[in-house]
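Secondary and tertiary structure notes
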Amino acid sequence: MTQAPTPTADTVRRLVRSLLADGTAGPGGTSTAGTGPDIRPTGDPSTWWVGSRHVLRLAPDRETSARLRRELRLRDLVRPHIGVAVPGAVAHGEWADGLAYTLDTRPPGGSAEEHDISAVGEADLAALLTGLREVPVRQAETLGVPRVGPRSLEALRRAAAQAVERLAAADEFDPALLQQLTPSATTQLAAQAGTPVLVHHDLGGGHLVVSADGRVRGVVDWTDAVVGDPAEDIAGLALAVGSPAAVRAATLAGYAARPCLRGLWLARCDTVLRLAGSLARREAGALPLLRVQLRRAWEAILLERVTELREDGDEE
C-alpha cells in the first residue's frame, strides 16, 4: 500500500495559490500581492487556516476523503433546519491522488473553549438539537451517513470502573463518584426505542463557533455525523459547555429526563476513560483539556435523580 503524502506548508500554499489563480476561491481581504493569503497550521496537520475566515482540510486517507465529500452534501441538508450557521464550501477537489480537500468558510467567532455560552447561547444549542431531530433521516442515509446503534451504558460503566481506580491512584479522581451509576440505573437509562435522529457526534468545544457575547453562531466539522442516539450529542455538549448548560439546552429542545441523564453519564464515563488512557500513554499535551472536560461532565445538575429512575420505570 502506497503511503499517503504528508501535507506541508508548501503543499498548502501551492494549492491555495492555484485556487486563487483559477478564480475558484478568493478569501477576500486576506491576500497580499505576490504572496497570497496567510497560511497557518491549526495544530492538526491536515487542517490549515487560510487567511482569517477560511479553513483548508486535507484528507490523509481515502476513508476520510469519502467523509469529506459526504459532508459537503450533508451540510446543505442540515443548513435549513438547525438555526445556526454551517461552513460553506469555497472549493473542493483532490490535493493528491484520491485524497480530497475542502476549502471552507468558517462562521465568525471563537470556539466554546474561548468564550462562555450565555443563556441565549443555550437557546441556540436547543435550536440546534431541535433542528437535528427535524433533518430527514432517510435523506441523510441516502447521502451515506451511517446508522449506528446506541452504546451500552452498562458496558461503559464497567470499563469506567476500572479506569477510575487508576485515576484515583494518580490523585486525579474520586472513585466514589462513579458509584452513583449503578447497574440498575444503567438499565433505566438505556436508549429508548424510537426513531433515530441525525447526530453530529462530535459537538466538542472546538466545533462550536461562539461569539464574544456567548451566542452560538455555528457548528463545524460534520464528518463524524451518524444516524443514531441523540444522547450522544447531549454528551458532547456536556464536555463542551458543562453538564448543567447541556441539560438545560436539551430540556429546552424537548428531551425528557432519561435521554438527558443518559447523555450526562455517557459523557462522564467517556471523560474518565479518555483521561485514564491519556495518562497511561503519557500524552502530556492532551491532559489539560481532558481535565477540563472531566470537570465539566461531572458538574452536578438538578435533574440528577438516578435513585428515582431506578425505582420508577415510567418516563417522567
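It should be noted that the structure appears before, not after, this text.
Not measured: the values here are computed from a predicted model.

1. Structural notes on the sheet that holds strand β8 (residues 110-111)
In a beta sheet, neighbouring strands are held together by backbone hydrogen bonds and run either parallel or antiparallel to one another. With respect to topology, 3 strands assemble into an open sheet ordered β8-β10-β11, the strand pairing being antiparallel. The sheet terminates laterally at β8 and β11 (216-219), the two strands that pair on one side only. As paired elements, strand β10 (residues 208-210) and β11 share 3 bridges and run antiparallel to each other. The residue of β11 that forms the bridge with Val 209 is Gly 218.

2. Some details on the side chain of Thr 223
By secondary structure assignment, the location of Thr 223 is in the loop between β11 and β12 (226-228). For Thr 223, a relative accessible area of 8% translates into the label buried. At 2.6 Å, the side chain of Thr 223 and the side chain of Asp 221 are in polar contact. Setting aside chain neighbours within four positions, we find Thr 223 in contact with Arg 57, Arg 67, Leu 68, Arg 70 and Glu 71.

3. A look at the sheet that holds strand β6 (residues 89-96)
In spatial order, the strands read β3-β4-β5-β7-β6; together these 5 strands make up an open sheet with antiparallel pairing. In this open sheet, the two strands that pair with only one neighbour each are β3 (39-41) and β6. Neighbour to neighbour, the strand axes of the sheet diverge by 25° on average, direction disregarded. Strand direction decides the pairing type here: β3 and strand β4 (residues 47-50), joined by 3 bridges, are antiparallel. Looking at the pairing, Ile 39 lines up with Val 50 of β4. Against the sheet, helix α2 (residues 62-78) makes contact with β5 (54-58), β6 and β7 (99-105), and its axis sits at roughly 35° relative to β7, the strand it touches most.

4. Section: the pattern of salt bridges
Tallied over the entire structure, the rule returns 24 salt bridges. The closest approach of N and O atoms between Asp 224 and Arg 67, which form a salt bridge, is 2.9 Å. In this pair, Asp 224 sits in the loop between β11 and β12 while Arg 67 sits in helix α2, placing the two residues 157 residues apart along the sequence. Under the relative-accessibility criterion, Asp 224 is labelled partly exposed at 30%. Of the charged contacts in the structure, one is a salt bridge between Arg 281 and Glu 283, with a shortest N-O distance of 2.8 Å. Several salt bridges share partner residues, and in doing so they unite Arg 57, Glu 71, Arg 75, Asp 104 and Asp 221 into one network.

5. As for helix α5 (residues 153-169)
Counted at 1.5 Å a residue, the expected span for α5 with its 17 residues is 24 Å, and the 24 Å between its end C-alpha atoms agrees. Within the span of α5, buried status applies to Leu 153, Glu 154, Leu 156, Arg 157, Ala 160, Ala 163, Val 164 and Leu 167. Those residues of α5 that are buried lie in contact with α6 (183-188) and α9 (257-280). Asp 171 occupies a position one or two residues after α5 and carries a positive phi of about 60°.

6. So, helix α8 (residues 243-252)
Every buried residue of α8 is listed here: Ser 243, Ala 245, Ala 246, Val 247, Ala 249 and Ala 250. Looking at the buried side of α8, the elements it contacts are α3 (119-134), α7 (231-241), α9 and α10 (287-297). Following α8 by one or two positions, Gly 254 has its phi on the positive side, about 100°.

7. Considering the packing of aromatic side chains
Evaluation of the coordinates by the stated rule reveals 2 aromatic pairs. Judged by centre distance (5.0 Å) and plane angle (65°), the rings of Phe 173 and Trp 298 are edge-to-face. With Phe 173 in the loop between α5 and α6 and Trp 298 in the loop between α10 and α11 (306-311), this residue pair connects regions lying 125 residues apart in the sequence. A relative accessible area of 11% means that Phe 173 is categorised as buried. Overall, Trp 298 belongs to the buried group, its relative accessible area being 13%. Ring geometry for Trp 265 against Trp 298: centres 5.5 Å apart, planes inclined by 90°, an arrangement best described as edge-to-face. Pair noted here: Trp 265 is in helix α9 and Trp 298 is in the loop between α10 and α11, with a separation of 33 residues, a long-range link. Exposure remark for Trp 265: the relative accessible area of 0% places this residue in the buried category. Site record: aromatic cluster; members linked through ring pairs are Phe 173, Trp 265 and Trp 298. Directly above the ring of Trp 265 sits Arg 268, whose terminal nitrogen or CZ lies 4.8 Å from the centroid.

Reading guide: rules and limits
- Residues numbered from 1 in each chain as written.
- Predicted model: local features only at pLDDT ≥ 70, side-chain atom pairs only at ≥ 80, totals over all residues.
- Heavy atoms only, no water.
- Pairing = 2+ DSSP bridges.
- Helix = DSSP H or I, 4+ residues; strand = E, 2+ residues; numbered from the N terminus.
- Buried < 20%, exposed > 50% of the residue type's maximum accessible area, 1.4 Å probe, protein only.
- Polar contact = N/O pair within 3.5 Å; in protein donor to acceptor, adjacent residues only side chain to side chain.
- Contact = heavy atoms within 4.5 Å.
- Axes fitted to C-alpha atoms, helices over the stretch in contact; angles between N-to-C directions.
- Salt bridge = Lys/Arg side-chain N within 4 Å of Asp/Glu carboxyl O.
- Expected span 1.5 Å × (residues − 1).
- Phe/Tyr/Trp six-rings, centres within 6.5 Å; stacked < 30°, edge-to-face > 60°.
- Lys NZ or Arg CZ within 6 Å of the ring centre and 35° of its normal.

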